[in-house]
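Below are the chains, spelled out letter by letter.
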Amino acid sequence: MPFVPTLRTPTLAAALAATLFAIAAPTRASAEATILIEADTGKVLHAENATQPWYPASITKVMTAYVVLQAVNSRRITLDTLITVSSRAAAQQPSKIGFKPGTKVTVDNALKMIMVKSANDMSVVLAEGVSGSVEKFADEMNRASKRLGMTQSMWVNPNGLPAEHQISSARDIAILARAIYQEFPEYDYYWDIPAIRLGKKTMRNYNSLIGRYPGADGMKTGFICASGFNLVASASRGNKRLIAVVMGSPSGAVRAAKTAALLERGFSRGALSWLAPSLGTVETLAPVDAAPPDLREAMCGKHRKRPAAEDADDDSTVANAGEPGSPQTFMLSSLPPANGKASALLGAPAAVAPVTVHAGPSKSSAEARFAAVRAKLVKAGKMPKNLPPGGKVPQLAAAPEKPGTAPSRPVQAPAVTASVAPTAVARPAQQAAAAPVGVFAPPADRFAPPGSRAMPAATDA
């Protein structure tokens, strides 16, 4: 391992951290998209290809949870409502729980399963339980995206399995994550569950920052061959929460390392941070009019020694990332410490107590549990006092949609981060011509049956 001099000055240490981040990251900038924002203000601290359209994969489930929690707060359903596993849900590709058709599960348990196990079958169960069908639920997802100002997002399913027209961007995912924390603070519990236990089987959260990166408190991973390894993560220290999105990483380990480095960079910003160029707020980043990259060959081609998959999480790379001298360990262990603690992803995650999930009704009420959390937040002044049970949750103002010509390249990242602009190409002919630039209008065939049109990579989400 090469010698690295120790820098005592915080600003220089932060600069070294950023440099190490650039060195240790794979030289594939054009095939990755990243963004780092402050959760409370929406201020962008870093952006690289952040408005490049991208296949979201299982990050989709964050939007699924958002729509489900909207339905809970409006009393269309409750967290204790029992919903039935349909044949369509049971037929979903892995990763999934595997309940047989006819099995009943509570909304609360299904949410835990999609956020930890990334269960594709439970996502469909929730969609059908809330809206009656996957198609109607996707319409609700699209309406929510429009209201939030997620102008680059379109949804056709609730789980992120490969679909040609299931598209988002790092920018839009950051907007969604910020909205969840602002609109649903009483449900923070769902975003950082370290593991679940179903019967004798324990399933650890695919987000390997949980329990390993100081302050990590959410929220979701995603992978399909066409998208690469994606992650939206949040971390809090004191009164400051940051949200980072990384899309297109070559493995689960690199995804985690890059996200941790971004978060550390944000927490380590010193007194001279005002010298960095201003990137504005996440809602003001201009969308890019381009097709999402298809990383199928790079992620799942024959050159890989083993198939890439989210449920495998590229175990060989994960193990190597904890070894002294590996690129990810070197990068993270060299970052400036936070609150006197080293911020390195070293070794295996600490032992955790899994949350029990099961089919059938629960013995205790999830509704009552979260009502108590809500009451504490109201008492602490973190939620409106006059918000009645089931009342409308305060919403973020949607960013105005500005028709016009899209920029020829995405928003540039600050200082040491290299940005490589994707080549703009025409959007699919099926999209409505009147849609504003960067806004994806649902094409007529978006729910076409599998095999009727070309799909991006088919593998685990």
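As a reminder, the structure under discussion sits directly above these lines.
The rules we used
- Residues numbered from 1 in each chain as written.
- Predicted model: local features only at pLDDT ≥ 70, side-chain atom pairs only at ≥ 80, totals over all residues.
- Heavy atoms only, no water.
- Helix = DSSP H or I, 4+ residues; strand = E, 2+ residues; numbered from the N terminus.
- Buried < 20%, exposed > 50% of the residue type's maximum accessible area, 1.4 Å probe, protein only.
- Areas by Shrake-Rupley, 256 points an atom, 1.4 Å probe, with all protein chains shown as cover.
- Phe/Tyr/Trp six-rings, centres within 6.5 Å; stacked < 30°, edge-to-face > 60°.
- Lys NZ or Arg CZ within 6 Å of the ring centre and 35° of its normal.
- Salt bridge = Lys/Arg side-chain N within 4 Å of Asp/Glu carboxyl O.
- Pairing = 2+ DSSP bridges.
- Polar contact = N/O pair within 3.5 Å; in protein donor to acceptor, adjacent residues only side chain to side chain.
- Disulfide = S-S within 2.5 Å.
- Axes fitted to C-alpha atoms, helices over the stretch in contact; angles between N-to-C directions.
- Parallel < 35°, antiparallel > 145°, perpendicular 65-115°, else oblique.
- Contact = heavy atoms within 4.5 Å.
- Nonpolar A, V, L, I, M, F, W, Y, C, P; charged D, E, K, R; others polar.
- Core = buried A, V, L, I, M, F, W, Y, C linked by side-chain atoms within 4.5 Å.

### Here we look at the overall build of the protein chain
- The number of helices and strands found in the protein chain is 12 helices and 10 strands.
- Per-residue burial over the protein chain gives 56% buried out of 461 residues.
- By element, 58% of the accessible surface of the protein chain is carried by carbon and sulfur atoms, the whole surface being about 18,700 Å².

### Quick word on the packing of aromatic side chains
- Under the defined criterion, the tally for this structure stands at 9 aromatic pairs.
- Between the NZ or CZ atom of arginine 241 and the centre of the ring of tyrosine 181, over which it lies, the distance is 3.7 Å.
- One residue, arginine 369, lies across the ring of tyrosine 189, its end atom 5.8 Å from the ring centre.

### Overview of unusual backbone geometry
- Look at the link from proline 94 to serine 95: it is a cis peptide, with omega at 10°.
- Mapped onto the fold, serine 95 is located in the loop between helix H3 (87–90) and strand E4 (104–106).
- One non-glycine residue, asparagine 49, adopts positive backbone phi at about 55°.
- By the secondary structure assignment, asparagine 49 is in the loop between strand E2 (44–48) and helix H2 (60–73).
- The backbone of alanine 57 sits at a positive phi, close to 55°, despite the residue not being glycine.

### Re the pattern of salt bridges
- Inspection of the entire model under this criterion finds 14 salt bridges.
- The residue aspartate 108 makes a salt bridge to lysine 112 at a minimum N-O spacing of 3.1 Å. One end of the pair is aspartate 108 and the other is lysine 112, both in helix H4 (residues 107–116) and 4 residues apart, which spans about a single turn.
- On the accessibility criterion, lysine 112 (5% relative accessible area) is buried.
- In this structure, arginine 178 engages glutamate 283 in a salt bridge whose closest nitrogen and oxygen atoms are separated by 2.8 Å. Here the residue arginine 178 occupies a position in helix H7 (residues 170–183), and glutamate 283 occupies one in the loop between helix H8 (252–267) and helix H9 (296–300), the gap between them amounting to 105 residues.
- Connected via shared salt-bridge partners are Asp108, Lys112 and Arg369.

### Some points on the pairing of strand E1 (residues 33–38)
- Counting buried positions over the 6 residues of E1 gives 6, a clear majority of the element.
- Here E1 shows two buried faces, one formed by Ala33, Ile35 and Ile37 and the other by Thr34, Leu36 and Glu38.
- With 6 bridges joining them, E1 and strand E9 (residues 240–249) adopt antiparallel strand pairing. Along E9, the bridge assignment pairs isoleucine 37 with isoleucine 243.
- Two elements, E1 and E2, share 4 bridges in a ladder whose sense is antiparallel.

### Quick word on the side chain of glutamate 264
- Note on placement: glutamate 264 falls in helix H8.
- Polar contacts involving the side chain of glutamate 264 include one to the side chain of tyrosine 213, which spans 2.7 Å.

### Brief notes about the state of the cysteines
- Inspection of the entire model under this criterion finds 1 disulfide.
- In this model cysteine 225 forms its disulfide with cysteine 300; the gap between the sulfur atoms is 1.8 Å. What sets the handedness of the cysteine 225 and cysteine 300 disulfide is the S-S torsion sign, and at about -90° it is left-handed. Of this pair, cysteine 225 sits in the loop between strand E7 (216–224) and strand E8 (228–237) while cysteine 300 is found in helix H9, placing the two residues 75 residues apart along the sequence.
- Residue classification places cysteine 225 among the buried positions, given a relative accessible area of 5%.
- Exposure remark for cysteine 300: the relative accessible area of 30% places this residue in the partly exposed category.

### Quick look at the packing of helix H5 (residues 120–131) against helix H6 (residues 134–148)
- Relative to each other, H5 and H6 sit at 85°, their axes nearing to 8 Å. Judged on the interaxial angle alone, H6 and H5 are roughly perpendicular. Contacts between H5 and H6 involve Val124, Ala127, Glu128, Val130 and Ser131 from the former and Val134, Lys136, Phe137 and Glu140 from the latter.
- Its residues assigned to classes, the contact of H5 with H6 comprises 5 nonpolar, 1 polar and 3 charged.

### Overview of the environment of aspartate 294
- Examined against the element boundaries, aspartate 294 turns out to sit in the loop between H8 and H9.
- Each C-alpha atom, one on aspartate 294 and one on tryptophan 54, is 8.7 Å from the other, the two residues being 240 residues apart in sequence.
- A polar contact is formed between the side chain of aspartate 294 and the side chain of arginine 296, at a distance of 2.7 Å.

### What about the pairing of E9?
- Within E9, 8 of the 10 residues are buried, which leaves the element mostly enclosed by the surrounding structure.
- Judged from the 8 bridges that link them, E8 and E9 form a sheet pairing that is antiparallel. Within E9, the residue paired with valine 232 across the bridge is valine 245.
- Remark: 2 residues form the turn of the hairpin made by E8 and E9, two consecutive strands paired antiparallel; glycine 238 in that turn has positive phi of roughly 65°.

### Some points on the nonpolar core
- Ranked by internal contacts, the top residues of the largest apolar core, which has 82 residues, are Ile35, Tyr66, Leu111 and Met122.
- Counting residues in hydrophobic clusters, the runner-up holds 17 residues, among them Leu209, Ala233, Leu262 and Phe267.

### Considering the environment of aspartate 289
- Turning to its location among the elements, aspartate 289 is positioned in the loop between H8 and H9.
- Counting along the chain gives 238 residues from aspartate 289 to threonine 51, while the straight-line C-alpha distance between them is 8.9 Å.

### Focus: the environment of alanine 163
- Relative to the elements of secondary structure, alanine 163 occurs in the loop between H6 and H7.
- Taking the relative accessible area as the measure of exposure, alanine 163 reaches 8% and is therefore buried.
- In the structure, alanine 163 is positioned 106 residues away from alanine 57 in sequence and 9.2 Å away in space, judged by C-alpha atoms.

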